[in-house]
Amino acid sequence: MSVLSRHQIDLLKLPIIGRIARMRYGRLVFQLPMLLIALLLIYDGFTGPQKAAENLATVVPWVHYRGIIVLALLLVGNVFCMGCPFTIPRTLAKRLSTRGRRFPRILRNKWLAIFSLFAIFFLYEYLDLWASPALTAWVIVAYFVASFVLEAVFTESAFCKYVCPLGTFNFAYSTTAPTQIASRSFDICRTCVGKECINGSYSPDTVIRIDQIPTAIGETVEKTVTHSPQGIPGCGTLLFVPQMKSNMDCVLCMDCVRACPHDNVGLMLRTPGRELNEPDAWRKTWDMSFLVIGLAFLGIINAFGMVPPVYQVMQDIARTLGLANAGLPDSTIEWIVLMLLFLFGVVLIPGALTLTAAYMTRQVTRTHHKYRQRETVAAFAPAFVPLGLGIWIAHYGFHFLIGALTIIPVFQNFLIDHRITILGTAPNWSLGGVSDTGFVGMVQIVALMGGFLWSMVIAQRIAFRLYKRDAMPALLPWALILLTMVFVCIWIFRQPMEMRGTILFG
Amino acid sequence: MHGSVFTRLLVLLLLFTIAGCRESAQETETPDDYQMTLDVESDSVGETTLLVTLLNAESEPVNDAVIDVKGDMNHAGMVPVLGSSENAPEHGVYRVPFNWTMGGEWILVVTASLPDDTTFSEEFNINITAEDGNMGGMDMEATEEAESALGNVAALAPFIPDCVATEEPQDGDITEDCSIPEEDKGGSFFPPGGG
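Rules and cut-offs
- Residues numbered from 1 in each chain as written.
- Chains lettered and ligands numbered in written order.
- Predicted model: local features only at pLDDT ≥ 70, side-chain atom pairs only at ≥ 80, totals over all residues.
- Heavy atoms only, no water.
- Helix = DSSP H or I, 4+ residues; strand = E, 2+ residues; numbered from the N terminus.
- Buried < 20%, exposed > 50% of the residue type's maximum accessible area, 1.4 Å probe, protein only.
- Contact = heavy atoms within 4.5 Å.
- Areas by Shrake-Rupley, 256 points an atom, 1.4 Å probe, with all protein chains shown as cover.
- Pairing = 2+ DSSP bridges.
- Axes fitted to C-alpha atoms, helices over the stretch in contact; angles between N-to-C directions.
- Core = buried A, V, L, I, M, F, W, Y, C linked by side-chain atoms within 4.5 Å.
- Parallel < 35°, antiparallel > 145°, perpendicular 65-115°, else oblique.
- Salt bridge = Lys/Arg side-chain N within 4 Å of Asp/Glu carboxyl O.
- Expected span 1.5 Å × (residues − 1).
- Bend = angle between axes of the 7 residues up to and from the residue.
- Phe/Tyr/Trp six-rings, centres within 6.5 Å; stacked < 30°, edge-to-face > 60°.
- Patch = residues over 30% accessible without salt bridge, like charges linked within 9 Å, V, L, I, M, F, W, Y side chains within 5 Å.
- Polar contact = N/O pair within 3.5 Å; in protein donor to acceptor, adjacent residues only side chain to side chain.
- Lys, Arg positive; Asp, Glu negative; His and termini not counted.
- Charge placed at Lys NZ, Arg CZ, Asp CG, Glu CD.

Enquirer: Which residues make up the overall build of chain B, and what values do they have?
Expert: The secondary structure content of chain B amounts to two helices and nine strands. For chain B, the proportion of its 195 residues judged to be buried stands at 39%. Considering only residue pairs separated by 6 or more positions, chain B has 56% of its internal contacts joining residues 24 or more positions apart. Surface exposure of chain B reaches about 11,400 Å², of which carbon and sulfur atoms provide 52%.

Enquirer: So, the sheet that holds strand E1 (residues 34-40) of chain B: which residues are in play, and what are the values?
Expert: All names here are of chain B. If you trace the three strands from one edge of the open sheet to the other, you get E1-E2-E5, paired in antiparallel fashion. Across the chains shown, the open sheet's two edge strands, defined by having one partner strand only, are E1 and strand E5 (93-100). On average, adjacent strands in this sheet sit at an angle of 25° to one another, irrespective of strand direction. As defined by bridge partners, strand E2 (residues 46-56) adjoins E5 across eight bridges and the pair is classed as antiparallel. Paired with Thr 48 across the bridge in E5 is Phe 98.

Enquirer: Before we move on, can you summarise the nonpolar core with the specific residues and values?
Expert: The biggest cluster of nonpolar side chains holds 159 residues, and the ones touching the most others in it are B:Leu54 and B:Ile67. Ignoring any residue separated from it by four or fewer positions in sequence, one finds B:Ile67 in contact with B:Val52, B:Leu54, B:Gly83, B:Ser84, B:Ser85, B:Tyr94, B:Val96, B:Val110, B:Thr111 and B:Ala112.

Enquirer: I'd like to hear about the pairing of strand E1 (residues 179-183) of chain A, residue by residue, with values.
Expert: Residue and element names in this part refer to chain A. The element E1 is largely enclosed, with a buried count of five among its five residues. Of the two faces of E1, the one lined by Thr 179, Ile 181 and Ser 183 and the one lined by Gln 180 and Ala 182 are each fully buried. Two strands pair when backbone bridges link them, and E1 and strand E4 (residues 265-269) are joined in this way by five bridges, in the antiparallel orientation. Across the sheet, residue Ser 183 finds its bridge partner in E4, namely Val 265.

Enquirer: A description of the environment of B:Leu108 should follow, citing residues and the corresponding values.
Expert: Residues and elements named next belong to chain B. By secondary structure assignment, the location of Leu 108 is in strand E6 (residues 103-113). Overall, the relative accessible area of 0% leaves Leu 108 in the buried class. For the pair Leu 108 and Ile 126, spaced 18 residues apart in the sequence, the C-alpha separation amounts to 7.6 Å. Leaving out residues up to four positions away in the same chain, Leu 108 has contacts with Leu 38, Leu 50, Val 69, Lys 70, Gly 71, Phe 98, Trp 100, Glu 122, Glu 123, Phe 124 and Ile 126.

Enquirer: I'd like to hear about the packing of helix H19 (residues 437-467) of chain A against helix H20 (residues 471-494) of chain A, residue by residue, with values.
Expert: Residue and element names in this part refer to chain A. Between H19 and H20, the shortest axis-to-axis distance is 9 Å and the interhelical angle comes to 170°. With respect to each other, H19 and H20 are oriented roughly antiparallel. Along the contact surface, H19 presents Gln 444, Ile 445, Leu 448, Met 449, Phe 452, Ser 455, Met 456, Ala 459, Gln 460, Ala 463, Phe 464 and Tyr 467, while H20 presents Ala 471, Met 472, Ala 474, Leu 475, Ala 479, Leu 482, Leu 483, Val 486, Cys 489, Ile 490 and Phe 493.

Enquirer: I'd love a proper account of the pattern of salt bridges, names of residues and values included.
Expert: All names here are of chain A. Taken as a whole and judged by the stated rule, the model has 19 salt bridges over all chains. For Arg 274, the salt bridge identified is with Glu 278, shortest N-O distance 2.9 Å. For Glu 278, a relative accessible area of 22% corresponds to the partly exposed category.

Enquirer: An account of the pairing of E6(B) is requested, with residue identities and associated values reported.
Expert: Looking along a regular strand, one sees the side chains alternate between the two faces of the sheet. Judged by how many residues are buried, E6(B) sits mostly within the fold: 10 of 11 residues are covered. Relative to E6(B), strand E5 (residues 498-499) of chain A runs parallel, the two sharing two bridges. Looking at the pairing, A:Glu498 lines up with B:Gly103 of E6(B). Sheet analysis places strand E3 (residues 66-73) of chain B next to E6(B), joined by eight bridges and oriented antiparallel. Across the sheet, the residue bridging to B:Met73 is B:Trp106, located in E6(B). Relative to strand E7 (residues 119-128) of chain B, E6(B) runs antiparallel, the two being bridged by 10 bridges. For B:Thr111, the partnering residue across the bridge sits in E7(B) and is B:Ser121. As consecutive antiparallel partners, E6(B) and E7(B) are separated by five residues, and within that stretch B:Asp117 has a phi angle of approximately 70°, a positive value.

Enquirer: Mind laying out helix H17 (residues 384-403) of chain A, listing which residues take part and the relevant values?
Expert: All names here are of chain A. The end-to-end C-alpha distance of H17, which contains 20 residues, comes to 29 Å, matching closely the 28 Å that a straight helix rising 1.5 Å per residue would cover. The sharpest bend along H17 comes to roughly 25°, located at Gly 397. With 20 of 20 residues buried, H17 lies mostly within the body of the structure.

Enquirer: Would you mind going over the packing of aromatic side chains in detail, with residue names and values included?
Expert: All names here are of chain A. Overall, the coordinates contain 28 aromatic pairs over all chains when judged by the stated rule. Where Phe 122 meets Tyr 126, the ring centres are 5.9 Å apart and the plane angle is 15°; that geometry is what we call stacked. With Phe 122 and Tyr 126 both in helix H6 (residues 111-126), this residue pair falls four residues apart, about one helical turn. Of the residues examined, Phe 122 reaches a relative accessible area of 5% and is grouped as buried.

Enquirer: Quick one: what's the story with unusual backbone geometry, residue by residue and with numbers?
Expert: Residue and element names in this part refer to chain A. One non-glycine residue, Asp 263, lies in positive phi territory at about 50°. Turning to its location among the elements, Asp 263 is positioned in the loop between helix H12 (255-259) and E4. A relative accessible area of 43% places Asp 263 in the partly exposed class. Here the phi dihedral of Arg 419 falls at roughly 60°; this positive angle occurs in a residue that is not glycine. With respect to the helices and strands, Arg 419 occurs in the loop between helix H18 (407-417) and H19.

Enquirer: Explain a nonpolar patch on the surface to me, and be specific about the residues and the numbers.
Expert: Residue and element names in this part refer to chain A. A cluster of nonpolar side chains, namely Phe 46, Leu 123, Leu 127, Leu 135 and Trp 138, defines an oily patch on the protein surface of about 430 Å² accessible area. Looking at the secondary structure, you find Leu 127 in the loop between H6 and helix H7 (133-153). Judged by its relative accessible area of 36%, Leu 127 falls in the partly exposed class.

Enquirer: Go over the side chain of A:Thr58 with me, naming the residues and quoting the values.
Expert: Note on placement: A:Thr58 falls in helix H3 (residues 56-75). In terms of polar contacts, A:Thr58 uses its side chain to reach the backbone carbonyl oxygen of A:Asn55, at 3.1 Å.

Enquirer: Outline a positive patch on the surface, supporting the account with residue identities and numerical values.
Expert: All names here are of chain A. Together, Lys 284, Lys 370, Arg 465 and Lys 468 give the surface a local cluster of positive charge. Inspection of the secondary structure assignment puts Lys 284 in the loop between E4 and helix H13 (286-304). For Lys 284, a relative accessible area of 33% puts it in the partly exposed group.

Enquirer: Please set out the side chain of B:Asp72 residue by residue, giving values where relevant.
Expert: Here B:Asp72 is to be found in strand E3. For B:Asp72, the side chain forms a polar contact with the side chain of B:Lys70, separated by 2.6 Å. If we ignore the near neighbours within four places in the chain, the residues touching B:Asp72 are A:Lys51, A:Ala53, A:Glu54, B:Pro80, B:Glu105, B:Trp106 and B:Ile107.

This is the structure we're talking about:
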C-alpha cells in the first residue's frame, strides 16, 4: 500500500482547486479551454498561412505546449492529461460502444505506446511537422479520431494507457512530480465494499447499497452508497487507489475522487520523484524499462536532429550505403537514413548499452544467479528518468524561452486575418522571447546537470540497496552511460541550430 | 431533428465562408507585367545584403519601388527579420541590408510597393549554413577561455561586488581596475563572445 496519505498535504482540500477537481464535471473546467484551443489550432492549421512562424497550429504545440508541459510535469504533475481534450468525446463513444471488450491481452503493455512514441518523433523529423501547420493540424485530428475509436471499442481507456504518445511521455516524467493520487485512510479502503475508485459508481439502473463500515472502536456504521446512471466511471486506466505507488498511467482525471463514496481519495503532495527510489513502484518488465531508457535517448536524437552535424551524418550514411547512387528519390533516401538513425539511436544503442551494463553489474557483483538480466535493467531504469527529463527541458525549454512571446503577433495576425483589430492593426513581429543566449545556455546547463546529478543519486541508491558493499563497481557501468549521455547532450546543445526541411543526397 | 441538422450545416457553411474570407487567403503574387528575382551576398549566418531585382514586362528595370523583406525561419518560435531597401536602386537592383540570425531554411517574403499603389509579393526559400550561430547560447568556448585564463576576472564580473585586480601583477605591483567593460556586465554567467 502507498504510504503517502497519513500526514501529507491534500491539494484537493484547497478551497478553489479542490472544489473544482471534485465537481462532477470539474474536469471539463480544464478540458473545455483545451478543446477550444485544439479546435482553433485545427482551424488555423488548415486555413491559415502555411508558414510555421505565422500559424497558431505550429507555434502553440511546438513552442509553447512542449515547453510548458515538461516544466509542469516536474513542478506539478500530469496536468495536460488532466485537461486532455481528446477524451471529451468519450462519453459519446461509450454510448456507441457495443459489448465493450477489453484491450487485447497481448497489447496490454507499453510496447504499443513505445512504438507510437517512436512513430510520432520519426514522422516529426521525416514529414517536418514542425514546419507544417496543415500536417500538425492533421496530427491533432488523428488524436481525436484514435481516442474516440478506442474508447468506443474497448471498456478501459485503452488510448490513454496503451497508445497515446503524449500521454506515455507524460506518464514517464510524471514520476518526478511532487503530487500523487492516494488514499486518505487505508482503514476506509480496507473496509470499502464496492471499491468504486476502480469499479465506478455508474449503473444503468439505480442501485442503493448499505455498507456496514467497522470503526476503530469495534462498532459499525452504516454508509449508503448509490449507483446510478449519473454515477462516475471508475479509473479508466484501471488503477486501484490504495495500491497506487506511482504516477505511471495516472491521467489525473479525478474519476476516483468523484466516484469514492467515502471521500477518501486525495491528491497528495509528496517528495518529488519519490517513486524513483521505490523499487516496488516499477514493474520489472522489459517494456517499462525500455520506455524510460528509450525516452531519454529519444531526447538526444530529437535534439541532434536540429544541429548541422546531423545533415552530414545523414549524407555520409546515404553515401556509405550507396543510396545516393541507387537512383532513389531524396525523400526515400531520407526515410531510410532517418529510420536507421532512429533505430540505432533509440533502440539498438540504448539496448546494447543497458544490456551490457546489466551484464557487467551482475558479473562484478557475482549476482548473476540472484538477479536476472531483466531485473537488473528494471532496477536501474528509474535512474534514467531525471536525466531524460533534463534533456527534454533543455531542448524544449530553449524553444520556449526564445519564442515565448511569438504567440502574440501570431494571434494578432490571426485576428487581423479575420478583420478583428482589437489587438492592433498590425502584428508586432518584434516580439520573441529571451534574447540573452547566455541565459538560455545557462538554463540548459542547469537542466542537464540537475537531471544528471539526480539520476546519479538514484542510481547510487539503487546500487547500495541491491549490492551493499559491491555498490560502487555495480554502479560504474550505469554511471558511465549517464555521463556519456550528458556529455553528448552538452556537445549537441553547443552546436548552432540549423533546421532544414530539405536534404539533398545527390 | 431536421432543424438541428440544418443548424449544423449552416454553422459549417459559415465556418467555410469565414475561412475563405481570411485575408491571408487572398493571393498577392507578382503580376504578369513584373518579374522579381532575389540574390544574396552571403548564405552564412550573419549580416548580409539581399539583392532584389525588379523588372517590368519588357525586362526594363523598375527603379521607383519600395522593397520590404520579411524573413521567417521554417520553424515556429523565431523572431522574423525585417529589412527594407535603403538607397536608390541601380538598374532595378535594390540592396536590402539583412541579417541571417540562425542557420537553416529561411522563407523570405519580398514585397514591392509601387507609386501607383500596386503591391505584390514573392516568396523565396533560402538555405543558410550555421557557421557562427549559437543554438542555446551555451558559449562554451568563452567558458573555456574564462576558466583557463588566470587573470580573466572579468568573466566573473557579475559575482564580484568590488574592485579587483584585473591584470597580472608585475614586479610585485598589483593594478586595480574597477572599470569593468560594459559588455562583460549583465546577468550572463558566460561572458559574451563569438561562436
